[in-house]
Amino acid sequence: METLTMVIIEDEKIILEELVSTFDWSKLGITVIGTAEDGISGEKLIMESSPDIILTDIRLPLQDGLTMLSKCPSVDQNAIVLSGYTDFGYTRRAIQIGVYDYLEKPVDDEELENVCGRLAERIRQEHMSEKQEEGTMRIELPTDFHNHQISCAVTFIKENYEKPIGLSDAAAYVRLSENHLSTLFKEVTGINFLQYLNGYRLNMATDMMRKEGVNISEIAPRCGFANPGYFAKIFKRYYGMTPTQFRDSL
């Protein structure tokens, strides 16, 4: 079973310690690689570690959990949100951002285990699907959409892939809600928005690797990846090797 990484952002120390220490993450194949107690530290942790799963409270000091997630578009669909407040506004924002699930505190251990288990299984299935592309020079992406809004969304990706864009930016561009665009994109293309965006960015990256004089360290920012570590992680997931190993094989 593939081991997945998780970060936990929670400002109540007792709850944070319980989530880290008393819950048996290993049986789900999950390793907690970091924690934070406020939204700014949480954002930094996410961007630096690129975890597979995020478990976060909504009410956080300095920056609320949903704002934090909206600034980390590469991972919001793999986030589970906890809240001690029954507030439809929060729920609606969580849906718009595209988080995986929204649980009310106090969280039942069995419920949390079930939700995390389902998310982990989905992520592993996505990884297996992505690995089917290993060994190819380019990732094949859908090109025939028969849908004007999705065509516009893909055009937006192609014109802005080098920027820190996400689902929310594309949704604003095509004038749809994030939830609507997310659902429609999967229905029309067969893959989700993030998979298409990452696939296109990786194709641009492999094109750059064929050119002499382009350093590996320059490629990540030029292809829109938040940092070299995240670029290397996504690259290896698709190609089964690091960017350096890939270039050496050319």
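Scope of this entry: the structure provided in the associated data block. Computed from a predicted model, the values in this text were never measured in an experiment.

## Some details on the pattern of salt bridges
Under the counting rule described, the total for this entry stands at 10 salt bridges. With a shortest N-O distance of 3.8 Å, arginine 222 and glutamate 218 are connected by a salt bridge. In this pair, arginine 222 and glutamate 218 are both assigned in helix α10 (residues 216-222), 4 residues apart and thus about one turn of the helix distant. For arginine 222, a relative accessible area of 42% corresponds to the partly exposed category.

## A few points about the sheet that holds strand β4 (residues 79-83)
In space, the 5 strands of this open sheet follow the order β2-β1-β3-β4-β5, with parallel pairing throughout. Bordering the open sheet on either side are β2 (30-36) and β5 (101-104), each of which pairs with just one other strand. Neighbour-to-neighbour, the strand axes of this sheet turn through a mean angle of 20°, independent of strand direction. Note that strand β1 (residues 4-9) and β2 share 6 bridges and pair parallel. When the sheet's bridge partners are listed, threonine 5 is paired in β2 with threonine 31.

## Considering the packing of helix α6 (residues 148-160) against helix α9 (residues 193-209)
Contact geometry for α6 and α9: axes closest at 10 Å, N-to-C directions at 35°. Seen from above, α6 lies across α9 with right-handed handedness. From α6, Val154, Ile157 and Lys158 reach across to α9, where they touch Phe193, Tyr196, Leu197 and Tyr200.

## A few points about a negative patch on the surface
Taken together, the side chains of Glu17, Glu18, Glu37, Glu104, Asp108, Asp109, Glu110 and Glu111 make up a negatively charged region of the molecular surface. Elements represented by at least two residues in the negative patch include exactly α1 (13-22) and α5 (109-131). With 3 residues, α5 is the single largest residue contributor to the negative patch. Among the structural elements, glutamate 17 can be located in helix α1. By relative accessible area, which is 53% here, glutamate 17 ends up exposed.

Calculation criteria
- Throughout this document, residue positions are counted from 1 along each chain, in the order its sequence is written.
- Under the rules for a predicted model, residues below a pLDDT of 70 receive no local features and side-chain atom pairs below 80 are neither given nor counted, while totals for whole chains, interfaces and linings still include all residues.
- Side-chain numbers come from the whole structure's heavy atoms, not from hydrogens or water.
- When a carboxyl oxygen of Asp or Glu is within 4 Å of a side-chain nitrogen of Lys or Arg, the pair counts as a salt bridge.
- Strands are runs of DSSP state E lasting at least two residues, helices are runs of H or I lasting at least four, and both sets are numbered from the N terminus onward.
- Burial status follows relative accessibility: with a 1.4 Å probe on protein chains alone, a residue under 20% of its type maximum counts as buried, one over 50% as exposed, and anything between as partly exposed.
- Between any two strands, pairing holds if DSSP finds at least two bridges.
- Between N-to-C directions, angles span 0 to 180 degrees; the directions come from axes that are lines fitted to C-alpha atoms, helices contributing only their stretch in contact.
- If you view the pair so one helix is near and one far, a crossing is left-handed when the near helix is turned anticlockwise from the far one by less than a right angle, and right-handed when it is turned clockwise.
- Only heavy atoms matter for contacts: two residues are in contact if any of them lie within 4.5 Å across the pair.
- Residues forming no salt bridge and having over 30% relative accessible area are the ones grouped into patches, like charges within 9 Å of each other and nonpolar side chains (Val, Leu, Ile, Met, Phe, Trp, Tyr) within 5 Å.
- In these tables, accessible area is a Shrake-Rupley quantity obtained with a 1.4 Å probe, and a residue counts as shielded only by the protein chains included in the view.
- Think of it this way: Lys and Arg go in the positive column, Asp and Glu in the negative one, and His and the chain ends go nowhere.
- Each charge is placed at NZ for Lys, CZ for Arg, CG for Asp and CD for Glu.

Purely geometric numbers; function is a separate question.
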